[in-house]
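# Residue-level structure breakdown
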There are 2 protein chains.
Amino acid sequence: LARVAVDVMGGDYAPSEVVAGCVQAHQGLGIPVLLVGDESRVHEELGKAGTSAREGLEVVHADDVIAMDEADPARAVRSRRTSSVSIASRLVKEGRADAVVSAGSTGAALAAAVLEIGRIRGVQRPAITTLLPFPGSPTVLIDAGASSDSRPEHLETFGVLGSMFAESYLGLDKPRVGLLSIGEEPGKGNELVKEAFPLLERSGLLFIGNVEGRDIPTDRVDVVVCDGFTGNVALKLLEGFASYLMGELLKIFTSSDEAKQAATVVMPGLLELRETLSPEAHGGAQLLGVGGVCIIAHGSSNARAVHAAVRVASQTADSGFVGRVAERFSGRPGGRDDRGGPQGRAGLGTTKGQE
Amino acid sequence: LARVAVDVMGGDYAPSEVVAGCVQAHQGLGIPVLLVGDESRVHEELGKAGTSAREGLEVVHADDVIAMDEADPARAVRSRRTSSVSIASRLVKEGRADAVVSAGSTGAALAAAVLEIGRIRGVQRPAITTLLPFPGSPTVLIDAGASSDSRPEHLETFGVLGSMFAESYLGLDKPRVGLLSIGEEPGKGNELVKEAFPLLERSGLLFIGNVEGRDIPTDRVDVVVCDGFTGNVALKLLEGFASYLMGELLKIFTSSDEAKQAATVVMPGLLELRETLSPEAHGGAQLLGVGGVCIIAHGSSNARAVHAAVRVASQTADSGFVGRVAERFSGRPGGRDDRGGPQGRAGLGTTKGQE
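Residues numbered from 1 in each chain as written. Chains lettered and ligands numbered in written order. Predicted model: local features only at pLDDT ≥ 70, side-chain atom pairs only at ≥ 80, totals over all residues. Heavy atoms only, no water.

## Here's the deal with the overall build of chain A
- Looking only at helices and strands, chain A has 11 helices and 11 strands in total.
- Taking 355 residues into account, the globule formula puts the C-alpha radius of gyration at 20 Å, and chain A, at 20 Å, falls close to it.
- The buried share of chain A, taken over its 355 residues, is 59%.
- Nonlocal contacts in chain A, meaning residues at least 24 apart in sequence, comprise 72% of its contacts between residues at least 6 apart.
- With the model as given, the accessible surface of chain A reaches about 12,800 Å², and the carbon-plus-sulfur share is 48%.
- Side-chain charges of chain A comprise 35 positive and 45 negative groups, with the mean position of each set lying 4 Å from the other. (Helix = DSSP H or I, 4+ residues; strand = E, 2+ residues; numbered from the N terminus. Rg over C-alpha atoms; globule rule 2.2 N^0.38 Å. Buried < 20%, exposed > 50% of the residue type's maximum accessible area, 1.4 Å probe, protein only. Contact = heavy atoms within 4.5 Å. Areas by Shrake-Rupley, 256 points an atom, 1.4 Å probe, with all protein chains shown as cover. Lys, Arg positive; Asp, Glu negative; His and termini not counted. Charge placed at Lys NZ, Arg CZ, Asp CG, Glu CD.)

Next up, the structure:
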């Protein structure tokens, strides 16, 4: 099984929940995990979890950590190479791990992956992909926030990456790729979308044209391509609205004794729906286009979410996905994108010149 | 009561549902309505509704109609000045009506309002505002799709328009205005947002900085400012996701006899929630920044939705909102925006030079 390096210092509930998730993934699935963080803290947490470091559950010391609310995580990653997220990424570059997982600052995880592992040649911009797990109609959203400004050719790259991801992860033969816009006809959209449309048409993908916000939860489309700003707004809106609606439902279900009684009958179904829609169950977002598997778990990840992220990371590494991406892009120009490096939602605009 | 001109030929259920809604608004609320459309069709529909044209319920003939799926509605509006939506807008310009309502093509309604009524001096770009009716935390979203590409100064204008709308419509003293972005800190976002931020800071509005997608359903913010592309994607995503979730809930509630039984208890609360969240109950979107009240109702409007739109249109006209906007912008440069006219979601890019 592929080995996973986990930044156990990143996340709202780090290190305890993160270590616990790693232990569960190792003990339950046999996945070799490298726990990267403050040595004494990690050993302590392992003790609390009733275990200790051993083969397949190794501790790699990191004396620094990039905080969740770091104002400029990209800069921090460049200047603090001994942070847990940097070291975890470097383990992939060095071949000691096959995948990296972090629940810390998205901007830091992104910057560390680009800086330490590096982009795949031919991929101008890495992108974050998220699986929106609508039952019966899961949808891959790409870019969910790796860049904040994109050019038309980046959207074409996102289409290729997203389509390959859907093939691999959802087992689809020819995923239907749609371009997120504000009208279905080819001429509709902002300048970026209008220019990206013909590029996607010529891409060889199964491009179904423009799709709208309302199509995302439906079975019309498998891969929704957009710039990272729009994708991140959409993703967080879905999260916020789902949590808002669950709150309203709870109010209805507790509004009277009769309603409480009735709720007990439908509650299992509702909890199942919430579970299905929960990002925790699906291992988080993946950064595509870098030379290794990189999972960016939700900041609020608990042990269960970390467990899922480690599982998905190991499976993705074993599937050979990154190699296939490298092959697919091998014919493309590999030069740096000199009009700006990958931009994190956390302002990763200054990684240019790195790599 | 302010008089409302209604494009009765526009909308998925036109003219029957639209005429029915007009009749209800006239009979129930005493609002004077001008029904603009094919004379014989309209008289026929009035007959079906058990009434006939009379003072306060007048028919204005229009021999043409811009179809919902017109590929270039802006061009169609410019070349077909006798269409129902154009004539309805012109009635406002001529002072025969105080407000216009259309459930037809958004692009056509937008183009007709700009062409026939005209922009308010000093407003470079009109914007569509939508009230997202979250119970306890209604949120004004602006721009919901009038422009597909915006400049930073447009976002500042949207902030002013949205704030004035929230004052007037929600009765707020100092609405909290947020800039939709992908991180809360001032430096986060795409180039457009980063440049708009200081403009909003200096605007004199109660600007609370960046907000994220997840803040929209909460009570953190009253007015969410964004470019029309992002706003339209967000609006349609909310619509699609709400309808998706309602479908999933229905599945749960019909999964067994026991569940059906339980559902009868909680159903009234759920229907109330759906009703509250329904765009139909709130009169649709308003186009702000033109010299008259212009309501763009949902294409799928039924009689009830049209009734609400006519009511809101009349109330808004009576409130003197447009006059206050004109006053607020009177000190600003009134010249045309020569880098591009208002852009409809339907590609209104070519209205420049008009007015």
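## Some remarks on the relation of the copies chain A and chain B
- Superposing chain A onto chain B requires a rotation of 180 degrees together with a translation of 0.0 Å along the rotation axis, leaving an RMSD of 0.0 Å. The relationship between the two copies is best expressed as a two-fold rotation axis. Ranked by how close their C-alpha atoms come to the rotation axis, the residues of chain A are headed by Ala262 of chain A, at 2.2 Å.
- A symmetric contact is evident, with 98% of the interface residues of chain A recurring at the interface of chain B. (Least-squares fit on C-alpha atoms with pLDDT ≥ 70 in both.)

## Concerning the sheet that holds strand β11 (residues 293-296) of chain A
Residue and element names in this part refer to chain A.
- Judged by pairing direction, the sheet is mixed, and its 11 strands sit side by side in the order β3-β2-β1-β4-β11-β10-β5-β6-β9-β7-β8 without closing on themselves. Edge strands, defined here as strands with exactly one partner in the open sheet, are β3 (57-61) and β8 (206-211). The mean angle between the axes of side-by-side strands here comes to 25 degrees, regardless of whether they run parallel or antiparallel.
- Sitting on the sheet, helix α6 (residues 152-170) is in contact with β5 (127-132), β6 (139-142), β7 (176-180), β9 (223-225) and β10 (285-288), with an inclination near 150 degrees to β6.
- Along the sheet face, helix α10 (residues 303-318) touches β1 (4-7), β2 (33-37), β4 (99-102), β10 and β11 and points at about 160 degrees away from the line of β11. (Pairing = 2+ DSSP bridges. Axes fitted to C-alpha atoms, helices over the stretch in contact; angles between N-to-C directions.)

## Some details on the interface of chain A and chain B
- Each partner contributes residues to the interface: chain A has 50 residues there, and chain B has 49 residues.
- Regarding the contact of chain A and chain B, the summed buried area is about 4,800 Å², with carbon and sulfur atoms giving 73% of it.
- Its largest share of buried area at the contact with chain B, chain A owes to Ile182, Phe229 and Leu237 of chain A, together 16% of the area lost on that side.
- Across the chain A-chain B interface, the total number found is 4 salt bridges.
- Salt-bridge contacts for Glu239 of chain A lead to Arg214 of chain B; the nearest nitrogen and oxygen are separated by 3.7 Å.
- Taken together, the links from chain A to chain B amount to 8 residue pairs in polar contact (both at pLDDT 80 or more). (Buried area = accessible area lost by both parts, 1.4 Å probe. Salt bridge = Lys/Arg side-chain N within 4 Å of Asp/Glu carboxyl O. Polar contact = N/O pair within 3.5 Å; in protein donor to acceptor, adjacent residues only side chain to side chain.)

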